[in-house]
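Given next are the chains, with one letter for each unit.
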Amino acid sequence: MKAPEELRSHRWFGGDELRNFSHRARGRQLGYNPEEHLGKPVIGILNTWSDINPCHMHLRERAEQVKRGVWQAGGFPLEFPVATLSETYQKPTPMLYRNLLAMETEEILRSYPIDGAVLMGGCDKTTPALLMGAASAGLPAIFVPAGPMLRGHWRNEVLGSGTDMWKYWDDKRAGLIGDAEMSELERGLARSPGHCMTMGTASTMTSAAEVLGMTLPGAASIPAVDSAHHRMAAASGARIVDMVWEDLTITRILDKRAYADAITTVLALGGSTNAVIHLIAMAGRSGIPLSLADFDAIARRVPVLANIRPGGDWLMEDFYYAGGLPGLLSRLTDLLHTDRVTVTGRTLEADLAAARVHNDDVIRPRDNPVAAEGGVAVLHGNLAPSGAVIKHIAAEPHLLTHTGPAVVFENYTDLKKRIEDPSITADSVLVLRGSGPLGGPGMPEYGMLPIPAHLLAAGVRDMVRLSDARMSGTSYGACVLHVAPESHVGGPLALVRDGDLITLDVPARTLHLDVSDEELERRRAEWTAPAPRFERGYGALYSEHITQADEGCDFDFLARAGHNPEPDAG
Ligand code: FES
Ligand code: MG
């Protein structure tokens, strides 16, 4: 147990220096009496609430419940508004800004008198960003996931945000539904606060945060508007105060076993391919080398048990009623390291003691999985020397071994201009380049290339598609993603030409361009690097320091080991 004089904040508020006096005087200015906060753990609540983020619209109020818990446990809560990354609205993609929020998180925690942190987020990139920054800062921290939104509804049908948007948009393009239906769908797709309620990036990453040990048990599955979410927020606020006294830092929780368990869980959830990039980046901040090979190795022995869209049938609300993440984990204990400590101060095994599954279709038993193997496969070959990924459970099985002629698009604008080319056939392999970490920039979620309307009308619903982009976790299809190195830096993807034969072989984990090495060398000699995307500002900093997809797209200067000194607060 720590003594009050050992608190980090004591360096600001205790002591007899002029600065300490000033900090106490400003505490009076804030409206607090000395006995209300001196000697208590200062809890920084890092809140990604914003008017523009529908997934976090309840977090302003939810922070009040966190504060309630902090006060009751004898702490002193202070809320810090930090950058919001709104997947829907921020362009070209919030991925460009994940590292910016991670930097902000780390430096807020370092520069202020904070003893412990409550991290509030959930919309896609906010979860990895907050955890990356907190891991680098190294203080006690607890994650309060925003929670999924309620199921969508339309004409007595249940809708998944994202997933059904793509589906009905294709139906509209195929002439199956009109403006009246679309107007109703616009009102029904997303009807409550909370993040996407399919197994998209948000649910994948908040679940990863939970199994890493960074949330209270069960926290990630609670719908955003359920009263249980309020109670979880208050309990998280109370728990972080004790974590400070116990000196239960994030560094003690996030070890190699935790990240292995996160990969296992993401795969058993049939989770988003974005998790591959985020978990590599997060582990890097914990000083743990994680690679694409780790994902592929674990994927081969982990079955998909969560029957949730887009890979399955149900939504996060159903998953919660079925027992939520603890229910799922209770069926995987032999594949997990359950002797690890979590934010509760207990082991994962103890946290899961009361976990049950209440619906065997939503959370499948081991002998009746959604898929026998994990949902993500890692591919290599002359087209992806540093690797590529495919979420093969969300693809039509007949495309998992396929050879076809390339139809190459230079970038997204070119794609939009030429995608309706009538010469494209169902066998074509659609190739999009210029969409990687530097080329996109920020690897926008262009990876589910649209299917040409004339093929949709003919009933085609999936094709082999290939890019250096990412794909929304709510998307589906035979989409090969994260091809590395990206075309912008001269990866082989830059050298593909229309009509080249490309072979995808998921069982063999290969991606092959049927062009000789000599011919590729000749093309490489003719290739010229594109102009830099940014001339100044954050974009220029990003361009100079971003790593490739297989390395997690962190900044090289953030990912490296090293120690920054604590500020002098006296
Ligand atoms: Fe925020 Fe999907 S838009 S989680
Ligand atoms: Mg998404």
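The model shown is predicted, which means the values in this text are computed figures rather than measured ones.

A tally of regular secondary structure across the chain gives 22 helices and 14 strands. Compactness check: the chain gives a C-alpha radius of gyration of 24 Å against a globular reference of 25 Å for 570 residues, within 12% of the reference. Split into buried and exposed, the 570 residues of the chain put 54% on the buried side. Considering only contacts within the chain whose residues lie at least 6 apart along the sequence, 77% involve residues at least 24 apart.

You can read the domains of the chain as domain 1 (40-150 + 192-352), domain 2 (153-189) and domain 3 (377-526). Spacing between the C-alpha centres of domain 1 and domain 3 amounts to 32 Å. Counting residues at the interface gives 24 residues for domain 1 and 23 residues for domain 3. For the side of domain 1 that touches domain 3, the secondary-structure elements that each account for two or more residues are α9 (201-212), α13 (274-285) and α14 (292-299). Here the side of domain 1 that touches domain 3 takes 4 residues from α14, the largest share from any one element.

Ranked by internal contacts, the top residues of the largest apolar core, which has 167 residues, are Val 118, Leu 119 and Leu 279. If we ignore the near neighbours within four places in the chain, the residues touching Leu 279 are Ala 208, Tyr 259, Ala 262, Ile 263 and Leu 290.

Moving on, we get to the pairing of strand β10 (residues 429-432). Of the two faces of β10, the one lined by Val 429 and Val 431 and the one lined by Leu 430 and Leu 432 are each fully buried. Here 4 bridges tie strand β9 (residues 401-409) to β10, and the two strands are oriented parallel to one another. Pairing of Val 408 across the sheet is with Val 431, part of β10. Relative to strand β11 (residues 465-467), β10 is paired through 3 bridges, and the arrangement is parallel. Each residue of the ladder has a partner; that of Leu 430, found in β11, is Arg 465.

Before going further, it helps to spend a moment on the pairing of strand β1 (residues 42-47). Where burial is concerned, most of β1 is hidden: 6 out of the 6 residues are buried. Residues Val 42, Gly 44 and Leu 46 of β1 are buried on one face, and the alternating residues Ile 43, Ile 45 and Asn 47, pointing to the opposite face, are buried as well. Summarising the sheet, β1 and strand β2 (residues 76-81) pair through 6 bridges and their orientation is parallel. Within the sheet, the bridge partner assigned to Gly 44 lies in β2 and is Leu 78. Crossover handedness for the path β1 to helix α4 (residues 59-72) to β2: right-handed. With 5 bridges joining them, β1 and strand β3 (residues 116-121) adopt parallel strand pairing. By the bridge assignment for β3, Gly 44 is matched with Ala 117.

Let's shift gears to the sheet that holds β3. Spatial strand order, β2-β1-β3-β4: 4 strands in an open sheet with parallel pairing. Bordering the open sheet on either side are β2 and β4 (141-145), each of which pairs with just one other strand. Recorded for the sheet is a direction-independent mean angle of 20° between the axes of neighbouring strands. Together, β1, β3 and β4 form the strand contacts of helix α6 (residues 126-137), whose direction differs from that of β3 by roughly 165°.

On to the environment of Thr 206. Its location among the elements puts Thr 206 in helix α9. Take Thr 206: there are 30 C-beta atoms within 10 Å of it, and that puts it in the buried class. Once the C-alpha coordinates of Thr 206 and Gly 122 are considered, the two residues, 84 residues apart in sequence, prove to be 6.2 Å apart. Setting aside residues no more than four positions away along its own chain, Thr 206 makes contact with Gly 122, Thr 127, Pro 145 and Ala 220.

Conventions and cut-offs
- Residues numbered from 1 in each chain as written.
- Chains lettered and ligands numbered in written order.
- Predicted model: local features only at pLDDT ≥ 70, side-chain atom pairs only at ≥ 80, totals over all residues.
- Helix = DSSP H or I, 4+ residues; strand = E, 2+ residues; numbered from the N terminus.
- Rg over C-alpha atoms; globule rule 2.2 N^0.38 Å.
- Buried ≥ 20, exposed ≤ 12 C-beta atoms within 10 Å, placed from the backbone.
- Contact = placed C-beta atoms within 7 Å.
- Domains from an automatic or database assignment.
- Core = buried A, V, L, I, M, F, W, Y, C linked by C-beta atoms within 7 Å.
- Pairing = 2+ DSSP bridges.
- Right-handed = clockwise from strand over helix to strand, strands pointing away.
- Axes fitted to C-alpha atoms, helices over the stretch in contact; angles between N-to-C directions.

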